[in-house]
Amino acid sequence: TPQGVKTVVQSGFNRPCAVAVDGNGTIWVANTYSSQIIRIGQDNIRHTWQGMRAQHIALGPNGDLYVASQTDQTIRRIGATDPVRTIGQVEIMAGNSQLTGYRNGRAAEALFKEVTGIAVAPSGNIYVADHGTIRRILPTGHVSTLMGKPGEFGFVNGNVIEAQFWNIGGLA
């Protein structure tokens, strides 16, 4: 804050890996090793979603939080005003919690191998780093691979078909 550092929460975290702050000052934390997503409002009240071992989160243009879940290789959405729920009640935007792999197509049919980053554009497009590839989820739910070759890693510049990445650690 302009007045200095403000301690919001002093305890209860176990290797938090990602933080996002919305325009209202609400803080979202991926408390990875406790398998939690935590929302802390301006009133300092803490709301916790259990069961999501996420290392990557991103806020959408309408305040929704998108979670790249490494527990089950899905992309999940927590609405800005959603009540606290368990992982089984949080909407899956794309992916299949029972299967992993590379498959483009409609969100329910798409598969992810190893999500390692997520970002959301003002347009609502979601970008996901997935095991050496950059993938896009349109607001309609269609998933496509933009760059990289599934399962192939390297340091290769080139067009979207030829480009190769090694260990993408995040997106912004």
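Please refer to the structure higher up on the page.
Throughout, residues of each chain are indexed from 1 in the direction in which the sequence is written. Reporting in this predicted model follows two pLDDT cut-offs: at least 70 for local features of residues, and 80 or more for side-chain atom pairs to be given and counted; totals over whole chains, interfaces and linings ignore these cut-offs and use all residues. Neither water nor hydrogens contribute to the side-chain values; these are computed over all heavy atoms in the structure.

Overview of the environment of T100
Part 1 of the reasoning: Helical segments are the DSSP runs of H or I of at least four residues, strand segments are the runs of E of at least two, and each set is numbered from the N terminus. Counting through the fold element by element, T100 comes out in the loop between β8 (91-94) and β9 (105-106).
Part 2 of the reasoning: The partly exposed category is assigned to T100, whose relative accessible area is 45%.
Part 3 of the reasoning: Measuring from C-alpha to C-alpha, the distance between T100 and F112 comes to 5.4 Å, with 12 residues separating the pair along the chain.
Part 4 of the reasoning: Ignoring any residue separated from it by four or fewer positions in sequence, one finds T100 in contact with Q73, L111, F112 and K113. For every residue, the accessible area (1.4 Å probe, protein chains only) is compared with the maximum for its type, and the residue is labelled buried under 20%, exposed over 50%, or partly exposed between those bounds. Contacts were defined at the residue level, with two residues in contact if any of their heavy atoms lie within 4.5 Å.

Here we look at the sheet that holds strand β5 (residues 54-59)
Part 1 of the reasoning: For two strands to be treated as a pair, DSSP must find at least two bridges joining them. Here we have four strands laid out as an open sheet, ordered β5-β6-β7-β8, and antiparallel in their pairing. Edge positions in the sheet fall to β5 and β8, since each of these pairs with one other strand and no more. For this sheet, the mean angle separating the axes of adjacent strands, direction not counted, is 35°.
Part 2 of the reasoning: Bridge count between β5 and strand β6 (residues 65-69): five bridges; the pairing is antiparallel. The residue of β6 that forms the bridge with A58 is Y66. Here, axes are lines fitted to C-alpha atoms. For helices the fit covers the stretch in contact, and angles between N-to-C directions go from 0 to 180 degrees.

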